[in-house]
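A closer look at the structure
What follows is the residue order along each chain.
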Amino acid sequence: MTTKSSLAQVAKKLPKDFLAGFATAAFQIEGSTDAGGRGPSIWDGFSRIPGKTLDGGNGDVATDSFRRWREDVALLKKYGVRAYRFSLSWSRIIPLGGRNDPVNPEGIKFYSDFIDALIEANIVPFVTLYHWDLPQALHDRYGGWLNKEEIVPDFANYAKVCFQAFGDRVTNWLTLNEPWCVAVLGYGRGVFAPGRSSDRVRSPDPVNPDAVHPLLRTGGDSKTEPYIVAHSLIIAHAHAVKVYREQFRAAQKGEIGITLNGDYYMPYDDDPANASAGQRALDFHIGWYADPIYLGSYPTYMKEVLGDRLPTFTPEELALVHGSSDFYGMNTYTTCLAKNGGDDEFQGNTIYTFTRPDGTDLGCQAQCGWLQAYAPGFRDLLNYLYKRYKLPIYVTENGFACKGENDLTPEEVVNDTDRVNYFKGNLQALLDAVSDGVDIRSYFAWSLLDNFEWADGYGTRFGVTYVNYKTQERIPKKSSIYVTNWYKANIEGYTSLPEDGDSSASAILVGQSASGRPTKSLVNGHLQHASSSSDRTATHAPFEKSRLQIEVLRRAEDLARREESVAQREEDFATRELMVALKELVRREQAVARREERLSVREKELLQRESSVAGITVSFNFSAVETEADLNTVDRLISSKKAANGNPSPESVSSPSSRSDDTAFFENGVTAHQKLVLDFPDNLHIPSTISA
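Residues numbered from 1 in each chain as written. Predicted model: local features only at pLDDT ≥ 70, side-chain atom pairs only at ≥ 80, totals over all residues. Heavy atoms only, no water.

Observations concerning the overall build of the chain
The helix and strand tally for the chain stands at 21 helices and 15 strands. Taking all 692 residues of the chain together, the buried fraction comes to 52%. Taking as baseline every contact in the chain between residues at least 6 positions apart, the subset at least 24 positions apart corresponds to 74%. When the accessible surface of the chain is split by element, carbon and sulfur atoms take 52% of a total near 31,100 Å². (Helix = DSSP H or I, 4+ residues; strand = E, 2+ residues; numbered from the N terminus. Buried < 20%, exposed > 50% of the residue type's maximum accessible area, 1.4 Å probe, protein only. Contact = heavy atoms within 4.5 Å. Areas by Shrake-Rupley, 256 points an atom, 1.4 Å probe, with all protein chains shown as cover.)

Digging into the sheet that holds strand S6 (residues 264-267)
Pairing between the strands of a sheet is mediated by backbone hydrogen bonds and can be parallel or antiparallel. Taking strand neighbours across the sheet as the criterion, the three strands line up as S6-S8-S9 in an open arrangement whose pairing is mixed. Strands with a single pairing partner mark the edges of an open sheet, and in this sheet they are S6 and strand S9 (350-353). Direction aside, neighbouring strands of the sheet carry axes that sit 40 degrees apart on average. Pairing of strand S8 (residues 335-340) with S9, which is carried by four bridges, proceeds in the antiparallel orientation. Counterpart to Asn-340 in the pairing with S9 is Thr-350. (Pairing = 2+ DSSP bridges. Axes fitted to C-alpha atoms, helices over the stretch in contact; angles between N-to-C directions.)

Quick look at helix H8 (residues 148-166)
Quick reminder: α-helices carry 3.6 residues per turn. Residues three or four places apart thus point the same way. Along its 19 residues, H8 runs 27 Å from first to last C-alpha, staying within 8% of the 27 Å computed at 1.5 Å per residue. Of all the residues in H8, the buried ones are Ile-151, Val-152, Asp-154, Phe-155, Ala-156, Tyr-158, Ala-159, Val-161, Cys-162, Phe-163 and Phe-166. (Expected span 1.5 Å × (residues − 1).)

Focus: the side chain of Glu-317
Structurally, Glu-317 can be placed in helix H14 (residues 315-321). The exposure class assigned to Glu-317 is buried, which follows from its relative accessible area of 14%. Only 3.0 Å separates the side chain of Glu-317 from the backbone nitrogen of Thr-314, close enough to count as a polar contact. (Polar contact = N/O pair within 3.5 Å; in protein donor to acceptor, adjacent residues only side chain to side chain.)

Quick look at the pairing of strand S1 (residues 19-23)
Across the five residues that make up S1, a large majority, five, are buried. Of the pairings in the sheet, the one linking S1 to strand S11 (residues 440-446) comprises five bridges and is parallel in character. Within the sheet, the bridge partner assigned to Ala-23 lies in S11 and is Trp-446. Two strands pair when backbone bridges link them, and S1 and strand S2 (residues 83-87) are joined in this way by three bridges, in the parallel orientation. Bridging across to S2, Ala-23 finds its partner in Arg-85.

Focus: the packing of aromatic side chains
For the structure shown, the criterion picks out 50 aromatic pairs. Geometrically, the ring pair formed by Tyr-227 and Trp-288 is tilted, given 5.2 Å between the ring centres and 35 degrees between the ring planes. On the criterion of sequence distance, the pair formed by Tyr-227 in helix H10 (residues 225-247) and Trp-288 in helix H12 (residues 272-295) is long-range, its members being 61 residues apart. Trp-288 sits in the buried class, given a relative accessible area of 0%. Between Tyr-294 and Tyr-389, the ring centres sit 5.4 Å apart and the planes meet at 45 degrees, which makes this aromatic pair tilted. With Tyr-294 in helix H12 and Tyr-389 in helix H15 (residues 375-389), this residue pair connects regions lying 95 residues apart in the sequence. The pair formed by Tyr-294 and Tyr-389 is uniform in burial state, with each residue classed as buried. In this structure, Lys-339 is placed above the aromatic ring of Tyr-268, and the distance from its NZ or CZ to the ring centre is 4.7 Å. (Phe/Tyr/Trp six-rings, centres within 6.5 Å; stacked < 30°, edge-to-face > 60°. Lys NZ or Arg CZ within 6 Å of the ring centre and 35° of its normal.)

So, the environment of Tyr-265
Secondary-structure assignment places Tyr-265 in strand S6. Exposure remark for Tyr-265: the relative accessible area of 4% places this residue in the buried category. Sequence separation of Tyr-265 and Ala-277 is twelve residues, and the distance between their C-alpha atoms is 8.5 Å. Filtering out sequence-adjacent residues up to four positions away, Tyr-265 remains in contact with Gly-278, Ala-281, Leu-282, His-285, Cys-336, Ala-338 and Tyr-352. A distance of 3.0 Å separates a polar atom in the side chain of Tyr-265 from a polar atom in the side chain of His-285.

Notes on the packing of helix H9 (residues 179-187) against H10
Contact pair H9 / H10: the axes reach a minimum separation of 9 Å and the direction vectors enclose 155 degrees. If you check the angle between H9 and H10, you find them roughly antiparallel. Our pair here, H9 against H10, has a crossing hand that is right-handed. On the side of H9, the interface is formed by Pro-179, Val-182, Ala-183 and Tyr-187, while H10 contributes Glu-225, Pro-226, Val-229, Ala-230 and Leu-233. Looking at the contact of H9 with H10 residue by residue, the classes come out as eight nonpolar, no polar and one charged. (Parallel < 35°, antiparallel > 145°, perpendicular 65-115°, else oblique. Left-handed = near helix turned anticlockwise from the far one by under 90°. Nonpolar A, V, L, I, M, F, W, Y, C, P; charged D, E, K, R; others polar.)

What about the sheet that holds strand S10 (residues 393-397)?
Spatially, eight strands are ordered S1-S2-S3-S4-S5-S7-S10-S11 in a closed barrel, and the strand pairing comes out parallel. When strand polarity is set aside, the average angle formed by the axes of neighbouring strands in this sheet is 30 degrees. Sheet strands in contact with H9 are strand S3 (124-130), strand S4 (172-177) and strand S5 (255-261), and its direction is about 40 degrees off that of S5.

Describing the pairing of S5
Counting buried positions along S5 gives six out of seven residues, so the element sits mostly inside the fold. One ladder, built from four bridges, connects S4 with S5; its direction is parallel. Bridge assignment links Leu-174 to a residue of S5, and that residue is Gly-257. Sheet analysis places S5 next to strand S7 (residues 328-331), joined by three bridges and oriented parallel. From the neighbouring strand, Thr-259 faces S7, where its bridge partner is Gly-329.

Observations concerning the layout of surface pockets
Taken as a whole, the second largest pocket holds about 770 Å³ of empty space. Surrounding the second largest pocket, 34 residues form its lining, Trp-180, Cys-181, Leu-185, Asp-263 and Trp-370 being those nearest its centre. Element by element, the count of residues in the lining of the second largest pocket is highest for H9, at three residues. When its residues are assigned to classes, the lining of the second largest pocket shows 17 nonpolar, eleven polar and six charged. (1 Å grid on protein atoms, 1.4 Å probe; cavity = no way out; pocket = protein on both sides within 12 Å on 5 of 7 lines; lining within 4 Å. Points joined across faces, edges and corners; volume = space filled by probe spheres on them.)

Below is the structure:
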């Protein structure tokens, strides 16, 4: 059994300021893609295209963390972690993305409130500026990362806005997350947004090329675009760092860097050709970005393979890039065996495999085909990076997706033994690397929550917390208990919450009762009964308190949404009432118009009868007489004719279709037996009736 003294001895290996926690990314958890003033990102539309994600899922809801962020903070606080790594959504802060586009105050407030809540919970915010979700407007406007001249100043401006808004509370910054994935998966293989490649089935040409920016008039070019994009990413990173160092560091006293993905590549066997294959794979995966930033040039092998397809830095750019990270940010998941051969440039013209020459696998297979557990490779990679780049290492992502986990019930999924074993091996490897002399400053387990796993959709789960995507319920898995237990056991001064000093809270997370006896595992977010009534009281009360706090927050949010819904329904009802009243008025207006029309016809008939009684028979086109003024005109003409001719005897006369003299209404020399000519203007009319 591990004793307190042995735990204290191990804890000396990691100092008090070691940052330990969990990590997420904005697009993978926030949802609410059209709420709070957010503009669309390239992943919004891409993930909605049929076939782009394995299960057809998209980021519209994800884990609903834009609305449930208080619940997420409460969960972090319950776990007792010291730090939380998350990313900002560029298009939530600047919806159109550009340096001349407006900043969204709702987006600033959202992240500001979130950061404040973390700090209040004694959790250090570790912020990533860019985790793949480029504003769609910038991609459409000028080609996004393909256009270095435009994207670099836009990214620097976005970074400056974030430093100004949050830098008084944030002292740990990452500019970019895994630029290799942006360039290769987004512009080389076409499986990530924006989905560009040379494969015209996967990346078709636009239907109307003339309607898009010239850089986007084909579906992509895997031979050139990934290297152009990577070059833009590196220079944009360097400019953001320059802004921070020159304008904000003195006052804010923070650190800034980049985090790179990269797994370890061991030679397949003792063949010298396979030994060089491992280094080639590292050059194309890690050295592509790390060498310019930390060593001042692209890897020699990349230059040999790519020739003039690899962009070059100007002297001014290289001076800016070289040394543009205060530390080495490390995202890593697995180890592969590298064999000489193959024609995949992005793999350094090597062949990757998990299968040893004897036919056995390196380790436990994950849900995703590219990941197996192999802790010794993690230790080897930490040593390789520290010896090559000679800067402190921040491990910003490391995690495992259990195979078939999405098919399990909540009661089954919390027993994530494969993930626990993965963390057990890798965290020990981290301690071993520290013993080797590697300077490691942080470890962020990926991920706090099951979430939207990019092209895999929701079927691949990396979370230490199970998420029911239908109800958004969060349920801790055993791995969350193991990781938080390890943090407490191996980091100096690490304590768990709640802050009232109740020691049983620590026991809950480490899987022991306050008396030291084992408790049962978590099921549906609740601890099973301990071995005695006193243990049950001691262990369950803090967990129940946390659960109740989450329930209060959830109900408060639900109530606020219901109140907002009722207010909207009341407003809609008032509008509908006005519409009904308006339609009723229109109906009455139409009825009056019909009555007016019938009355006009009767008045015309009466006028003809009056003329007949007066001894004059008038025959003319009554369809031209349509208004009251027209009738008055006819009446005056008849009266005038009677006065001039002494009441002539009846004579049937007809009105000509037109008259030759507009000022004359009667023929000269009319007698009792001559025609009475009454002519009327052709433009007599009444207004159209009002329709509903």
